[in-house]
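For reference, the chains in residue letters:
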Amino acid sequence: MAVFLALQMIGVFLPFCYSQTNVDATDRPTPQCSFENGACAYTVTLVHEKTCPQVPGGQTSDTFITNAVIEQSKFTQSLSMKYDNLSATVKSLENKNLALNARVDVLDRAQNQTHAELTKLTKERSKYTLWLARLENENKVLKQFMKGYTQGFQSCSEWKEFGQTDSGNFRVDPDGPGGAPYFDVWCDMTTSPPTAVIHHNREARTRVKGYEAAGSYIVPIVYEATTNQIVALLNVSTSCQQFLKWECYHATLKDQWWMSRDGAKMTYWGGGKPGKYRCTCQKQGTCPAGKECNCDVNDAAWRADSGYLTDKATLPVSELRLGDTGHSNEQGYYTLGPLKCSN
């Protein structure tokens, strides 16, 4: 505040003083600057000898002005030093800011690189996850496929699902572990769904002659699987059938029948209805002379009754019982096809 007042007094007094003494502008007190130890040191030189009137405090105007200028030079020097210090501080902060910005740029580049690598790794992980899932599925399929070869699948359809599209012999295990043992069947892959075929020992067309009594000619049927295995296959199949045919010459069908798997006598023929004596022609209304079967005509002409047995509760045929072929003009042929099940 003292310096500020001094400067105000200089600004007010000097014009008055110089106007009284007629001092030229070039004769005014001039501060000089010299550098000492890198700092500016101000000195004042008065270039005139005239004096101004006395100023308050008993000082001459020259002394007052000199002191004021010296105070001003000190203040200016202090401000200059502070400005230099502030400039140095600002410069230091600017340098630190530049260094910080450079570090931020490095971190940004590192972050961008890390993000790119993370994106790449994420894509690769997705790809490997997909591959792993595919391999696990293939491994599962392979295990099931190997199980099919060693223990069998439940049905021919499962074999086809695993790529076996050609017909052939395949191992099946319809009721799985703990049930009937697995066994081999012929799978007809040309049908939809595939058909499991179980053959037996009497599939050829066979002549019957010389057995007059009803059911006296006994034909045991031996299949390529046990009864328990066949029943297991029947249980997992949507439908099953077995072809049965009797060709007759003076050999009535009333003297012929077949036995169920449980040994029950079955008097209906292929195409008939279980529990009733019927043949295909009766169902179709084509039997001659109001008969229930073609062979019931019992005449000197070759006739035939044939069709499919479809009752899964009684299949397969375990035995044929044939007769009425004892006379010289009597004979017949039977044909029993394999058991076929769609599964």
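Small disclaimer: the values here were computed from a predicted structure and weren't measured. (Residues numbered from 1 in each chain as written. Predicted model: local features only at pLDDT ≥ 70, side-chain atom pairs only at ≥ 80, totals over all residues. Heavy atoms only, no water.)

Colleague: When you look at the packing of aromatic side chains in this model, what are you seeing that I'm missing?
Modeller: Think of a pair of aromatic rings as described by two things: how far the centres are apart, and how the planes are tilted against each other in angle. Following the criterion strictly, the structure yields nine aromatic pairs and no others. Ring geometry for Trp258 and Tyr268: centres 5.6 Å apart, planes at 80°, overall edge-to-face. Residue Trp258 is located in strand β9 (residues 257-259), and its partner Tyr268 is located in the loop between β10 (265-266) and α5 (280-284); the two are separated by 10 residues in the primary sequence. Considered together, Trp258 and Tyr268 belong to a single accessibility category, that of buried residues. Within the aromatic cluster, the residues linked to one another by ring pairs are Phe153, Trp159, Phe162 and Phe170. A cation sits over an aromatic face here: Lys127 above Tyr128, 5.6 Å from the ring centre. Stacked on the ring of Tyr333, the Lys or Arg Arg205 has its end atom at 3.8 Å from the ring centre. (Phe/Tyr/Trp six-rings, centres within 6.5 Å; stacked < 30°, edge-to-face > 60°. Helix = DSSP H or I, 4+ residues; strand = E, 2+ residues; numbered from the N terminus. Buried < 20%, exposed > 50% of the residue type's maximum accessible area, 1.4 Å probe, protein only. Lys NZ or Arg CZ within 6 Å of the ring centre and 35° of its normal.)

Colleague: Before we go on, may I ask you to explain the pattern of salt bridges in this structure?
Modeller: Pairs can form between side chains of opposite charge whenever their charged atoms are close. Counting across every chain of the model gives four salt bridges. Ionic pairing is found between Arg171 and Asp184, a salt bridge with its closest N-O pair at 3.2 Å. With Arg171 in strand β3 (residues 168-172) and Asp184 in strand β4 (residues 183-188), this pair connects stretches of sequence that are 13 residues apart. Under the relative-accessibility criterion, Asp184 is labelled partly exposed at 40%. A salt bridge links Asp299 to Arg303, with the nearest nitrogen and oxygen atoms 2.7 Å apart. Using a relative accessible area of 22% as the deciding quantity, one classes Asp299 as partly exposed. (Salt bridge = Lys/Arg side-chain N within 4 Å of Asp/Glu carboxyl O.)

Colleague: Looking at this structure, how should I read the sheet that holds strand β7 (residues 217-220)?
Modeller: Pairing between the strands of a sheet comes from backbone hydrogen bonds, and it takes one of two forms, parallel or antiparallel. The antiparallel open sheet is built from four strands, whose spatial order is β7-β12-β9-β10. The open sheet has two free edges, formed respectively by β7 and β10, since each of these has just one partner strand. As paired strands, β9 and strand β12 (residues 319-322) are joined by three bridges and run antiparallel to one another. Note on β12: the bridge partner recorded for Met259 is Glu319. (Pairing = 2+ DSSP bridges.)

Shape is all these values report; function is a separate question.
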